[in-house]
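Commentary on secondary and tertiary structure
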Amino acid sequence: MTGTCVIGLQWGDEAKGKLVDLLAPRFDIVVRYQGGANAGHTVVDGSEVYKLHHIPSGILHGGVDNVITPGVVINPATMIDEIDGLLARGVPVFERLRVSERAHLVMPWHMIEDRVINAQKVGGESIGTTNRGIGPCYRDKVGRTHAIRVADLVAENRDERIAMVAAQKVQILTSLGASEDDLASIAPATVVALCAAWGERLKPMIGDTTDWLLDACEQGRQLLFEGAQGALLDIDHGTYPFVTSSNSSGVGVCAGSGVPPRWIQTVIGVCKAYSTRVGGGPFPTELTCQTGEKIRQLGREFGTTTGRPRRCGWFDAVAVRYTARLSGVTHLSLMMMDVLSHFDELKICVAYELDGQRISSVPSCAEKLRRCVPIYETISGWDSPVDEVVSEADFPELALAYVRRIEELVGVPVGILSVGPDRKQTIFTRQAPGFPVLQGAG
Ligand code: IMP
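Below: a short report on this structure. Given the structure is predicted, the values throughout are model-derived calculations rather than measurements. Every chain begins its residue count from 1, and numbering advances along the sequence as written. Owing to the predicted nature of the model, reporting of local features is limited to residues with pLDDT of at least 70; listing and counting of side-chain atom pairs is limited to 80 or more, with chain, interface and lining totals taken over all residues. Hydrogens and water molecules were not included; the side-chain quantities draw on all heavy atoms of the structure.

1. Description of the layout of surface pockets
Where we set the bar: A cavity here means a set of points on a 1 Å grid, drawn over the protein atoms and nothing else, where a 1.4 Å probe fits but cannot get out; a pocket is an open set with protein on both sides within 12 Å along at least five of seven lines, and a residue lines either one if it has an atom within 4 Å of a point. Grid points are joined across faces, edges and corners, and a volume is the space filled by probe spheres set on the points. Helix numbers and strand numbers start at the N terminus; a helix is a DSSP run of H or I with at least 4 residues, a strand a run of E with at least 2. Side-chain classes are defined by residue name, with Ala, Val, Leu, Ile, Met, Phe, Trp, Tyr, Cys and Pro counting as nonpolar, Asp, Glu, Lys and Arg as charged, and the others, Gly among them, as polar. Domain extents, as shown, originate in an automatic or database domain assignment.
Quantified by volume, the largest pocket comes out at close to 840 Å³. Lining the largest pocket we find 43 residues, and of these Ile127, Thr129, Thr130, Val243 and Thr244 sit closest to its centre. Contributing elements (two or more residues each) for the lining of the largest pocket: α4 (108-118) and α5 (134-143). When residues of the lining of the largest pocket are assigned to their parent elements, the largest contribution, five residues, is made by α5. Counted by class, the lining of the largest pocket contains 15 nonpolar, 19 polar and nine charged residues. Each of domain 1 (3-95 + 208-438) and domain 2 (104-205) gives at least three residues to the lining of the largest pocket. Estimated volume of the second largest pocket: approximately 520 Å³. As for the second largest pocket, its lining consists of 26 residues, and the residues nearest its centre are Ala15, Thr42, Arg310, Met336 and Pro421. At the level of elements, α1 (16-23), β3 (41-45) and β4 (48-52) are the ones that each hand at least two residues to the lining of the second largest pocket. The class makeup of the residues in the lining of the second largest pocket is seven nonpolar, nine polar and ten charged.

Next comes the structure, spelled out in structure tokens:
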């Protein structure tokens, strides 16, 4: 075994951070490979709660290297705040973190562009981005002319290049109607000074992570890839255009990290026992009634990054089967089972009805997905709490029946059940033969 991936199978917020933190001590290296500060990974360690945006969730463990690879977009100011917060709590970040010089930077103008353009609607609905400048940064990366990479922060011609791009961005944003304050915040001299300070702080961690990771694979070191967002937000395979700007499904691992497929053996697909979504876009199983509100309150479904209330709904097996296949998932990790302990009955979406036809796949167009009506199977709820259950055998029978039905519909065995936010509230099941990462766990 070399590479294990943790991939969200829904619209993000599947509690991947908890899982990565839990698995990290079994690995040598934790790798972030896409997304940026739009991600919010919460790690709970007893009474300590860590909210991480850029930094891999393995950072709390001694002996584990953490790597931010070329596919990630980094907001240096936010990342330095995150580093300082960890240092203040005694986490030796500089010893444990490496940052790729190929990664792109989310610059102050990207945040402004995101805000100005986010206000525009697609087909009457806003994408509802996190306003973290993610889309504009990836747009500049692909466009190539205005991009700034980590390497530029420590390059000899840094000041000259930053000043030139900043001057052009002032012109572009002036034409987009940005405010005087916004324009002042990206004045060339201001941004040049910021970049000099960022370069100074980040320099000790910057390097060629691609070469370093390839060496690590050849040396047999164990890698854990930490996905951000969820596969339904994948730029190529998600519910476009209501998606993020990176490949957040399993297909993004290799492109973002520079580690080729030959080193990847295990893919853990993480999903909640129900569904949530933040921002705009179709969500067939959304519950806008009291039941949705009950899930939101019991699951504390409010965004880690933006604080926005998450849209909540029943488990969508059609969508998760699609993303599990797309991501090459070998094992499921079913999260937030404790939240469902308080319902008389539960529903699972087993197919959609689209324009009078029963379909069992996710349509490629958001407009069609919006017209899909879920076809549900109703399953009995269970009446005892599961948050203190420590083994699969102690699970209420009806809760296990719910799990088994999800396995059948998605077509992948459940290897992990999560019953609460703490590391201890995790059950490693025996239903997943050949799950190397879990051998000896439980
Ligand atoms: P962006 O990634 O900020 O451009 O936002 C695009 C879409 O992805 C919006 O609907 C966001 O709410 C959603 N999104 C981005 N990051 C996350 C995340 O970490 N969790 C859940 N949704 C996210």
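And the narrative resumes.
2. Examining the site of the ligand
To keep things clear, this is the line we draw: One heavy atom suffices: a residue is near a molecule or strand as soon as one of its heavy atoms comes within 4 Å of it. Here a polar contact is recorded for every N or O atom pair within 3.5 Å, except that within protein the pair must consist of a potential hydrogen donor and a potential acceptor, and residues adjacent in sequence are included only if both atoms are side-chain atoms. Here the open area of atoms and residues is found with the Shrake-Rupley method and a 1.4 Å probe, where only the protein chains shown may cover a residue. Assignment to a cavity or pocket requires that more than half of a molecule's atoms be within 2 Å of the site's grid points.
Taken together, 15 residues form the shell around the ligand, and within it Asp13, Asn38, Thr130, Thr244 and Arg308 come nearest. Here a nitrogen atom of the ligand sits 3.0 Å away from a polar atom, N or O, in the side chain of Asp13. Between the ligand and the protein, one listed contact pairs an oxygen atom with a backbone N or O atom of Ile127 at 3.3 Å. If the ligand stood free it would expose 470 Å²; the protein chains cover 97% of that surface. Mapping the ligand onto the cavity grids shows that it belongs to the largest pocket. Grouping the amino acids of the shell around the ligand by side-chain chemistry returns six nonpolar, seven polar and two charged.

3. Considering unusual backbone geometry
This is how it is decided: Classification of residues uses two cut-offs on accessible area relative to the type maximum, computed with a 1.4 Å probe and protein chains only: under 20% is buried, over 50% is exposed, and between them is partly exposed.
Residue Pro241 is bonded to the preceding Tyr240 through a cis peptide linkage, with omega at 5°. Even without being glycine, Asn131 reaches a positive phi, approximately 60°. Inspection of the secondary structure puts Asn131 in the loop between α4 and α5. Using a relative accessible area of 31% as the deciding quantity, one classes Asn131 as partly exposed. Even without being a glycine, Arg300 presents a positive backbone phi close to 45°. Using a relative accessible area of 53% as the deciding quantity, one classes Arg300 as exposed.

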